[in-house]
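Each chain, letter by letter, is given below.
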Amino acid sequence: MTRIITLFCIFIAQIGFSQSAESYLEKIRNNEALLTAFFQQMPKGGDLHHHFSGSIYAEPLLERAIAEDFYLNLETMAVSKTKPEKGKWKKFSSIIEEEKLNPEKPENEKLDYYKQQIMQTWSIKDYNGAVPSDDQFFDSFMKFEPTIAGHFGEGMLELKKRAIAENVLYIETQLSTIPCDMNVSDLTDFNSKLRQTAVQKDEKAAFKLLDELYKSLQQKDAKKYALDFNNNFIAKLHKDLKMDDENFTMRYQNFVLRFMSPVDLFKNLTIAFISANDSKLVAGVNIVSPEHGENSMKDYWLHMVMFKYCHSKFPEVKYTLHAGELTLGLVQPEELTWHINDAIHVAGANRIGHGVDIAYEANSYDLLKYMSKNNIPIEINLASNEFILKVKENRHPFTLYKEFNVPIVISTDDAGILRSSMTEQYVLLAKRYPDVNYETIKKYVYNSINYSFIQDASVKKQLLKDLDTRFKVFEAKFSKN
Ligand SMILES: [Zn+2]
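Conventions we followed
Residues numbered from 1 in each chain as written. Predicted model: local features only at pLDDT ≥ 70, side-chain atom pairs only at ≥ 80, totals over all residues. UniProt positions renumbered as here; feature names shortened; annotations may be inferred. Domains from an automatic or database assignment. Contact = placed C-beta atoms within 7 Å. Helix = DSSP H or I, 4+ residues; strand = E, 2+ residues; numbered from the N terminus. Core = buried A, V, L, I, M, F, W, Y, C linked by C-beta atoms within 7 Å. Buried ≥ 20, exposed ≤ 12 C-beta atoms within 10 Å, placed from the backbone. Pairing = 2+ DSSP bridges. Expected span 1.5 Å × (residues − 1). Axes fitted to C-alpha atoms, helices over the stretch in contact; angles between N-to-C directions. Parallel < 35°, antiparallel > 145°, perpendicular 65-115°, else oblique. Left-handed = near helix turned anticlockwise from the far one by under 90°. Nonpolar A, V, L, I, M, F, W, Y, C, P; charged D, E, K, R; others polar. Arc of directions from axis to C-beta.

Labelled according to an unreviewed UniProt entry, the protein appears under the name adenosine deaminase, originating from Flavobacterium potami. A UniProt comment under Sequence similarities (unreviewed entry) is attached to the protein, and it reads "Belongs to the metallo-dependent hydrolases superfamily. Adenosine and AMP deaminases family." Its UniProt record gives the protein the following Cofactor (unreviewed entry) comment, quoted word for word: "Zn(2+)".

In structure tokens:
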């Protein structure tokens, strides 16, 4: 009898307290700490919009700059391995030595002071609005970049460790531009010729010029640079560091820089496509640096045509484009109407990064319908958009994409500089958009694998299987009592 009563009590207890991850999420919807604990443990699939150098936290970079005794620019907080000609530079060892000899030195000449300044310049730590947020963000890269050169491995391991700790099983990182010392000085005439075609938006004429350029680049052995990068950098690092294991998978995107002149950019883009076409580890190609920069704006259409051209040569290579990382006030209003449109309709992007200006785009409903129908996902970066563009909550077009059933993936962009995490993106999502229920969030997580550029079908299948298992483990936490 006692046993029957006990069993009955257990049964009642389970009914009384049992809940699902779904109902628990609704209960904690407005509490950030509870949401953080929930999403920290929830499997989050992949991070598809991820800049390698912007994802490393400033602490290890600063530590390395001091350990390797870099020069510090005392005004800008940039570092350099060798002493640049211009500016006020001092070695870290000198700063430390001088402080030892004269402990009474003013506080703002001591190492601790510089360390604090560096943290606030290389990341958004304690950001106080003294400089515009977009400048603060984009300028930081060049300042810490010298500490990353030659140390990619350390960064990759740091990112892997962090991903595993927050239940992320895949990263598709924008690792590096492909080093290339090819001399193209004989081709510089093409810069003005290409820009002329852009004035008329004459795609046919641009293609003709790109054809000529492409041939010249082949003659200058573009392939050599791509294969050298694939074999001696990517494949080597990936293998030596054992990046892929049962807990984690990493793939890479090549990228080009928007601010470069058309010929230089096309040279790099051609090599990036050759590289992605040749290697299964290089999952795709991207275009980066501020979209509202002078050259970026001037050459935007041209860049889209270049992607279209490279696609015609390498139809298997996938590419995601930062497009519409713009908002009212940042550029003239008419510039908000066409970047996502052209990234899709001219360049033929497989995914769109940010897409913040969608509400301003010409025929935005048609564009959204097209994205939905053709399965072109949007990479949503909530923390990044909030800091750089000041776009958040219902000013952010997240709901617009959702309304039109555009596939959504949630990503970090630059978790290091932004001092954020994948968990925080989901916390922001759940808190700001209460209509997004658990099942939908789960769908976004699966999207991050389904819409990844992983080329090997068996790798993708395995990751989806891992995700199933991880969700089972996670959801079991809520059904036990
Ligand atoms: Zn980005």
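When its domains are assigned, the protein resolves into domain 1 (58-147) and domain 2 (152-478). Domain 1 and domain 2 are separated by 31 Å when their C-alpha centres are compared. Facing the 10 residues of domain 1 at the interface are 8 residues of domain 2. Going through the elements one at a time, helix H5 (58-67) and helix H8 (133-144) are the ones with two or more residues in the side of domain 1 that touches domain 2. When residues in the side of domain 1 that touches domain 2 are grouped by element, the largest group, 5 residues, is from H8.

To continue, consider the nonpolar core. Among the nonpolar cores identified, the biggest contains 112 residues, and Met306, Ala343 and Ala349 are the most heavily contacted of them. Within the second largest apolar cluster, 18 residues are counted, among which are Leu61, Phe70, Leu72 and Met77.

Within the secondary structure, Lys431 is located in helix H20 (residues 422-432). When the C-alpha positions of Lys431 and Gln200 are compared, they lie 46 Å apart, and in sequence the two are 231 residues distant. Not counting residues up to four positions away in its chain, the partners in contact with Lys431 are Asn30, Glu32 and Leu35.

So, on to the UniProt feature "domain: Adenosine deaminase" (unreviewed entry) in the protein. Under the UniProt annotation, "domain: Adenosine deaminase" (unreviewed entry) lies at residues 280-469. The span residues 280-469 carries 46% helix and 12% strand; its end-to-end C-alpha distance comes to 26 Å.

Now for the sheet that holds strand S2 (residues 71-73). Taken together, 3 strands build an open sheet; the order of strands is S3-S2-S4 and the sheet is antiparallel. The sheet terminates laterally at strand S3 (79-80) and strand S4 (89-91), the two strands that pair on one side only. Sheet topology places S2 next to S3; 2 bridges connect them, and they run antiparallel. Within S3, the residue paired with Tyr71 across the bridge is Ser80.

Attention shifts here to helix H15 (residues 300-313). Across its 14 residues, H15 extends 20 Å between first and last C-alpha, which sits within 8% of the 20 Å expected from 1.5 Å per residue. H15 sits mainly inside the fold: 10 of its 14 residues count as buried. Along H15, the residues classified as buried are Tyr300, Trp301, Leu302, His303, Met304, Val305, Met306, Phe307, Tyr309 and Cys310.

Let us look at the packing of helix H13 (residues 262-278) against H15. Packing of H13 against H15 leaves a shortest axis separation of 10 Å and a crossing angle of 30 degrees. Judged by the angle between their axes, H13 and H15 are roughly parallel. Handedness of the crossing formed by H13 with H15: right-handed. Along its contact with H13, which presents Pro262, Leu265, Phe266, Leu269, Thr270 and Phe273, the element H15 presents Leu302, His303, Met306, Cys310 and Lys313. Grouping the amino acids of the contact of H13 with H15 by side-chain chemistry returns 8 nonpolar, 2 polar and 1 charged.

Below, the discussion takes up helix H7 (residues 111-122). Relative to the 16 Å expected for 12 residues at 1.5 Å per residue, H7 spans 16 Å between its end C-alpha atoms, a close match to the ideal helical length. Ile118, Thr121 and Trp122 are the residues of H7 that are buried. One face of H7 carries all of its buried residues, which in axial projection span an arc of 85 degrees. Elements that come into contact with the buried residues of H7 comprise H5 and H8.

Before going further, it helps to examine unusual backbone geometry. Even without glycine at this site, His354 takes up a positive phi of about 80 degrees. Along the polypeptide, His354 turns up in strand S9 (residues 351-354). Phi at Lys390 is positive, roughly 60 degrees, even though this residue is not glycine. In this structure, Lys390 sits in the loop between helix H18 (382-389) and helix H19 (398-403).

Another point: the pairing of strand S6 (residues 249-257). Counting buried positions over the 9 residues of S6 gives 8, a clear majority of the element. Where strand S5 (residues 170-176) lies against S6, 6 bridges are found, and the strand directions are parallel. Along S6, the bridge assignment pairs Tyr170 with Thr249. Here 6 bridges tie S6 to strand S7 (residues 282-288), and the two strands are oriented parallel to one another. Opposite Phe255, over in S7, you have Asn286 as the bridge partner.

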